[in-house]
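One-letter residues, chain by chain:
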Amino acid sequence: MVNPNNPTGAVYSRDLLMGIVELARSHDLVVFADEIYDKILYDDARHVPMGSLADDILICTLNGLSKAYRVAGFRTGWLVISGAKHRARDYVEGLDILSSMRLCANVPSQHAVQTALGGYQSIQEFIVPGGRLYEQRNLAWSMLNDIDGISCVKPKGALYLFPKLDPGRYRISDDQRFAFDLLQQEKILVVQGTGFNWPRPDHFRIVFLPREEDLRFAMDRLERFLHTYRQ
Amino acid sequence: MESTSKPDGPDGSILELPVTAPREIRKSTKLADVCYDIRGPVLKEAQRLEEEGHKILKLNIGNPAPFGFEAPEEILVDVIRNLPTAQGYCDSKGLYPARKAVMQYCQELQIPDVEIDDIYIGNGV
């Protein structure tokens, strides 16, 4: 469960997450919750931590400093085991073996964790109206939807948009080819939807991290490209 | 000393080894089903174009720093201050203060019953 989601930007409701918990309960599954974007939320979105929803199934929550604290290159993240730990003693022993075999994680950047998680959360400035992430999301989303044959859901969290290319219009049968052609013609690099195990070749992912002027430039080029592109 | 490039057989005769081309070194078959298109052939082409001098607008990965999203200074100061004493390996599950901070974060999030030993620090996403 990737929540907030990459690549769609969806932030799942408590009801939906409870449904996943129920599914895990009835099929005796372990839930892996990737919550790396838990603080990158827009509008009135609220993030519900998976680990807070159940104590009778095993939940492995993953998070780190790469996104909200902008130190992706520091390579610092963590895994938290919660819930039915008493049924997972052998699994935990495996984790202990693996973590011992790799000795330890990068040490200098672990000193950033305490400061990052405690006190003032600077990411807030970016995700409210007037903040870079908020404004860039709005701009990229509306420019994408202005292109004929593209539809895109407005992300409620994370850093990505996952637009759909109208299959009737563009007839894209190979979305890696689409990404390749867009790169060669317009010098814009995106990731094709099938790269995220999306089953049909009709989506791609873009990040809205660039500044507004660069996003505007990129969207104009994408529009120009799609004006004539067919497969 | 007599030098020879061929090994002697047990009876003193010279062994003739079959002449074959040097073995090609291949990746593990375990990698066959690995799906990681974010680092696939399209990225390779982007790198090739960059080497030719083209400027590529990279909308492909969520890497905040190159787009001017810099880390809070406080975080950098903490790492810099502790660098001299961060030269050795640490506990395999991570530094105690780092794990304690994660534990307290879990309390804030109302994830029940998380103890220090339930937390593993790794090399990030």
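The rules behind these values
- Residues numbered from 1 in each chain as written.
- Chains lettered and ligands numbered in written order.
- Predicted model: local features only at pLDDT ≥ 70, side-chain atom pairs only at ≥ 80, totals over all residues.
- Heavy atoms only, no water.
- Salt bridge = Lys/Arg side-chain N within 4 Å of Asp/Glu carboxyl O.
- Helix = DSSP H or I, 4+ residues; strand = E, 2+ residues; numbered from the N terminus.
- Buried < 20%, exposed > 50% of the residue type's maximum accessible area, 1.4 Å probe, protein only.
- Contact = heavy atoms within 4.5 Å.
- Buried area = accessible area lost by both parts, 1.4 Å probe.
- Polar contact = N/O pair within 3.5 Å; in protein donor to acceptor, adjacent residues only side chain to side chain.
- Nonpolar A, V, L, I, M, F, W, Y, C, P; charged D, E, K, R; others polar.
- Pairing = 2+ DSSP bridges.
- Axes fitted to C-alpha atoms, helices over the stretch in contact; angles between N-to-C directions.
- Parallel < 35°, antiparallel > 145°, perpendicular 65-115°, else oblique.
- Left-handed = near helix turned anticlockwise from the far one by under 90°.
- Lys, Arg positive; Asp, Glu negative; His and termini not counted.
- Domains from an automatic or database assignment.

(A) Spotlight on the pattern of salt bridges. All names here are of chain A. Evaluation of the coordinates by the stated rule reveals 19 salt bridges over all chains. For Arg25, the salt bridge is made with Asp56, and the minimal N-O distance between the two is 2.7 Å. Linking Arg25 in helix H1 (residues 14-27) with Asp56 in the loop between strand S1 (31-34) and strand S2 (58-64), this pair joins segments that are 31 residues apart in sequence. Residue classification places Arg25 among the partly exposed positions, given a relative accessible area of 33%.

(B) Quick look at the interface of chain A and chain B. Residue-level contacts link 76 residues of chain A with 64 residues of chain B. Across the interface of chain A and chain B, roughly 6200 Å² is buried in total on both sides, 66% from carbon and sulfur atoms. For the pair chain A and chain B, the number of links is three salt bridges. We note a salt bridge from Asp113 of chain B to Lys85 of chain A, for which the minimum N-O separation is 3.9 Å. Scanning the region where chain A abuts chain B turns up 25 residue pairs in polar contact (both at pLDDT 80 or more). Of the residues that constitute the side of chain A that touches chain B, the class distribution is 39 nonpolar, 23 polar and 14 charged. Bridge analysis of strand S3 (residues 77-83) of chain A against strand S2 (residues 119-122) of chain B gives four bridges, and the strand direction is antiparallel. What sits directly across from Gly77 of chain A, in S2 of chain B, is Gly122 of chain B.

(C) Summary view of the sheet that holds S3 of chain A. If you walk across this open sheet you meet the four strands as S1(A)-S2(A)-S3(A)-S2(B), and the pairing is mixed. The strands lining the two open edges of the sheet, one partner per strand, are S1 of chain A together with S2 of chain B. With direction set aside, neighbouring strand axes in the sheet form an average angle of 20°. With seven bridges connecting them, S2 of chain A and S3 of chain A associate as antiparallel partners. Bridge pairing links Leu62 of chain A to Leu79 of chain A in S3 of chain A. Sitting on the sheet, helix H3 (residues 96-108) of chain B is in contact with S2 and S3 of chain A together with S2 of chain B, with an inclination near 125° to S2 of chain B.

(D) Structural context of the packing of helix H5 (residues 132-145) of chain A against helix H8 (residues 212-228) of chain A. Residue and element names in this part refer to chain A. At a closest axis distance of 10 Å, the pairing of H5 and H8 adopts a crossing angle of 15°. One finds that H5 runs roughly parallel with respect to H8. As H5 packs across H8, the resulting crossing turns out to be right-handed. Together, Glu135, Gln136, Leu139, Ala140, Met143 and Leu144 of H5 and Glu212, Leu215, Arg216, Met219, Asp220 and Leu222 of H8 make up the contact between the two elements.

(E) Structural view of the side chain of Asp38 of chain A. Along the chain, Asp38 of chain A turns up in the loop between S1 and S2. Despite its burial, Asp38 of chain A pairs with no opposite charge; the closest candidate is Lys39 of chain A, at 5.7 Å N-O. Polar contacts involving the side chain of Asp38 of chain A include one to the side chain of Asn63 of chain A, which spans 3.2 Å. Not counting chain neighbours up to four residues away, the residues in contact with Asp38 of chain A comprise Pro4, His47 and Asn63 of chain A together with Tyr105 of chain B.

(F) Spotlight on the domain arrangement of chain A. Residues and elements named next belong to chain A. We note that the domain assignment places domain 1 (14-123) and domain 2 (128-228) within chain A. Averaged C-alpha coordinates put domain 1 and domain 2 at centres separated by 29 Å. Each side of the interface is counted separately: domain 1 has eight residues, and domain 2 has 10 residues. Each partner contributes to the roughly 760 Å² buried at the junction of domain 1 and domain 2, and carbon and sulfur atoms together form 62% of this total. On inspection of domain 1 and its partner domain 2, the count reaches one salt bridge. In this assembly, domain 1 and domain 2 are joined by five residue pairs in polar contact (both at pLDDT 80 or more).

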